[in-house]
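Examining the three-dimensional arrangement
Below, each chain spelled out in residue letters.
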Amino acid sequence: MNRAHLTIDPYFTVGTVNRRLFGSFVEHLGRGVYDGIYEPGHPAADENGYREDVIALVRELGVTAIRYPGGNFVSGYRWEDGIGPREQRPRRLDLAWHSIETNEVGLDEFAAWLRKVGSELMYAVNLGTRGIHEALDVLEYANVPSGTRLSDLRIANGTPAPHDIRMWCLGNEMDGPWQLGHGAAEEYASLAAKTARAMRQVDPGLELVVCGSSSAQMSTFGSWERTVLEATYDEVDYISCHAYYEPKDGDHASFLASAVNMDRFIESVAATADHVKAERRSPKTMYISFDEWNVWYQSRYRAERHTGIGDWPIAPRLLENTYSVMDAVVFGNLLISLLRHADRVTSASLAQLVNVIAPIMTEPGGPAWRQTTFFPFALTSRLARGEALEVKLDSPTYASGLHGDVTVVDAVATHDAGSGATAVFLVNRDEEAEAEIEIDVRMLGEVRVRDVWTLSDKDPHAVNTLEQPDRVRPAANPTAALADGTVTVSLPPVSWTALTLG
Ligand code: AHR
């Protein structure tokens, strides 16, 4: 048994939890859109072809903002292919995912779907194969109320009110050699700065995200951020981070500590941004949009890709990872890392939402169900309110091959002064031993333990599937007890827990 100790003090705050931290990402990739959110003819489809069962799950997940339409896809995308009468929309080759894009769903349809879901739209423009002009066009179409060619075209296409998109990504992963239009940092930085200035001439209040590195493992990581920010610091509000994790060579101990890597990644990007801030004597703080994060078995995708996926299919089954309990624990820990950096990370997008490395899976003509990762996301989105707190954690450590010595237990807390509610999120990374944690809550005053949910299983590799969609669910943890200002709770091996006090 490992023993850990946590102290919570509502006066020690990191920053306000921005609701945009609970964003997600829908790309035209595989069955993310087609046969995912959109399936005309499905028994649960509404009159526009959107699956109502999927909408209900997305709402339950608590997704606040959705990045669209890519991803790698966006770097070859022509947004105007996806507007107007469906029967006139062209079919195109999607080079990023070696598929046919039918363009049945485009900006107006996706925005309409988001209105049903109750999420904000975060839109990525194509700076891979296109540029300033295209960005201005899509901005005019989306946001100008009326009276211009493109705003009037939107109205003629059946959307009278502007979409009023506030957050715009200036391309996607432009540091990656796989990206259509990838070039040197200086080349992208110059285009991003010019595009940002042009977009602000339309609306100075837009929130703009410039591309950081596609992962902290890129050889250009650090220098890419510096070059890009030196050119764009005054023009943009966020720099993006992307990170995906999977076990390497069966090293689960390192995999379980993936959040340590995310912590370091965020802190390195913040340090680089602050270096540029100092150079420029700027009063402005650059925020981080962590707009792609997840567990992703990328090595399986590479293998799949090399054996070939046939020629140019429509909505093929791509990146359909099935997530285990262990994956969900790592995933929940990544959310802990994001909350711990709430002062800097003010927007994040879980990549992705439906079918593609997703918390929600669907079968054509069949059911939709929750993957294991659904639960930490839904509970964190529901419970993490108010301020993220700087907690004091004492935990035993273990040696992880990839991240050095790491704590067995990880934790973060949030406190909402308005409602008096406090939420504590915990993981036990040990594969064998239970951990008992004592949480000193005296500084919260008179409180009682409300709910304690734990996600764990005797088999850490247990999954939810079409055949067994409810095999894994979080359960009430009966071990929590409060005495003398201390909550004691047992955390099973490889587990994620959410505890609320109030
Ligand atoms: O989310 C899948 C892919 O991962 C995205 O298209 C790309 O941006 C990243 O490399």
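Residues numbered from 1 in each chain as written. Predicted model: local features only at pLDDT ≥ 70, side-chain atom pairs only at ≥ 80, totals over all residues. Heavy atoms only, no water.

Regarding the packing of helix α10 (residues 325-340) against helix α11 (residues 374-383)
- Relative to each other, α10 and α11 sit at 30 degrees, their axes nearing to 8 Å. As summarised for this structure, α10 and α11 are arranged roughly parallel, according to the angle between their axes. The element α10 and its partner α11 pack so that their crossing is right-handed. Side by side, α10 and α11 meet where A328, F331, G332, L335 and L339 of the first sit next to P376, F377 and T380 of the second.
- Of the residues that constitute the contact of α10 with α11, the class distribution is six nonpolar, two polar and no charged. (Axes fitted to C-alpha atoms, helices over the stretch in contact; angles between N-to-C directions. Helix = DSSP H or I, 4+ residues; strand = E, 2+ residues; numbered from the N terminus. Parallel < 35°, antiparallel > 145°, perpendicular 65-115°, else oblique. Left-handed = near helix turned anticlockwise from the far one by under 90°. Contact = heavy atoms within 4.5 Å. Nonpolar A, V, L, I, M, F, W, Y, C, P; charged D, E, K, R; others polar.)

Quick notes on the sheet that holds strand β21 (residues 435-440)
- Strand order in the open sheet made by the five strands is β16-β1-β21-β25-β24, with mixed pairing throughout. Only two strands of the sheet have a single partner each, and these edge strands are β16 (392-394) and β24 (481-483). Across the sheet, the axes of successive neighbouring strands diverge by a mean angle of 20 degrees, strand direction being ignored.
- Summarising the sheet, strand β1 (residues 2-7) and β21 pair through six bridges and their orientation is parallel. Directly across from L6, in β21, lies its bridge partner I439. (Pairing = 2+ DSSP bridges.)

Structural notes on the nonpolar core
- By size, the foremost hydrophobic cluster in this structure holds 150 residues, and its most contacted members are W113, W168, F290, W293 and I439.
- The element that contributes the greatest number of residues to this core is α10, accounting for eleven residues.
- Summarising the domain contributions, this core has at least three residues from each of domain 1 (2-10 + 388-501) and domain 2 (18-383).
- In contact with I439, not counting residues within four places along its chain, are L6, I8, V424, L426, G485, T486, V487, V489 and L499.
- If you look at the next biggest cluster of nonpolar residues, it comprises seven residues, including V74, M122, C169 and V209. (Core = buried A, V, L, I, M, F, W, Y, C linked by side-chain atoms within 4.5 Å. Buried < 20%, exposed > 50% of the residue type's maximum accessible area, 1.4 Å probe, protein only. Domains from an automatic or database assignment.)

Looking at the domain arrangement of the protein
- Domain annotation for the protein reports domain 1 (2-10 + 388-501) and domain 2 (18-383).
- In this structure, domain 1 and domain 2 have C-alpha centres spaced 30 Å apart.
- The interface is formed by 40 residues belonging to domain 1 together with 35 residues belonging to domain 2.
- Between domain 1 and domain 2 the total buried area reaches about 3200 Å² when both faces are included, carbon and sulfur atoms providing 71% of it.
- It is H403, L466 and W496 that lose the most area in domain 1 upon contact with domain 2, and together they represent 20% of the buried surface on that side.
- Across the pair R340 and D410 runs a salt bridge, and its minimum N-O distance is 2.9 Å.
- Taken together, the connections running from domain 1 to domain 2 amount to 14 residue pairs in polar contact (both at pLDDT 80 or more).
- Residue assignment for the side of domain 1 that touches domain 2 shows that the elements contributing at least two residues are β17 (397-400), β19 (409-416), β20 (421-428), β22 (449-455) and β26 (495-501). (Buried area = accessible area lost by both parts, 1.4 Å probe. Salt bridge = Lys/Arg side-chain N within 4 Å of Asp/Glu carboxyl O. Polar contact = N/O pair within 3.5 Å; in protein donor to acceptor, adjacent residues only side chain to side chain.)

Details of the site of the ligand
- The full set of residues close to the ligand is F25, E27, G71, N72, W97, N172, E173, Y244, E292, W296, Q352 and I357.
- Within the side chain of E173, one N or O atom sits 2.7 Å away from an oxygen atom of the ligand.
- Within the contact set of the ligand, an oxygen atom lies 2.6 Å away from a side-chain nitrogen or oxygen of E292.
- Considering the ligand on its own, with 280 Å² of exposed area, one finds that the protein chains cover 96% of that surface.
- Tallied by class, the residues present in the shell around the ligand amount to five nonpolar, four polar and three charged. (Near = heavy atom within 4 Å. Areas by Shrake-Rupley, 256 points an atom, 1.4 Å probe, with all protein chains shown as cover.)

Observations regarding helix α8 (residues 258-279)
- Spanning 22 residues, α8 covers 32 Å between terminal C-alpha atoms, matching the ideal 32 Å at 1.5 Å per step.
- Of the residues flanking the end of α8, it is R281, one or two places downstream, whose phi is positive at about 50 degrees. (Expected span 1.5 Å × (residues − 1).)

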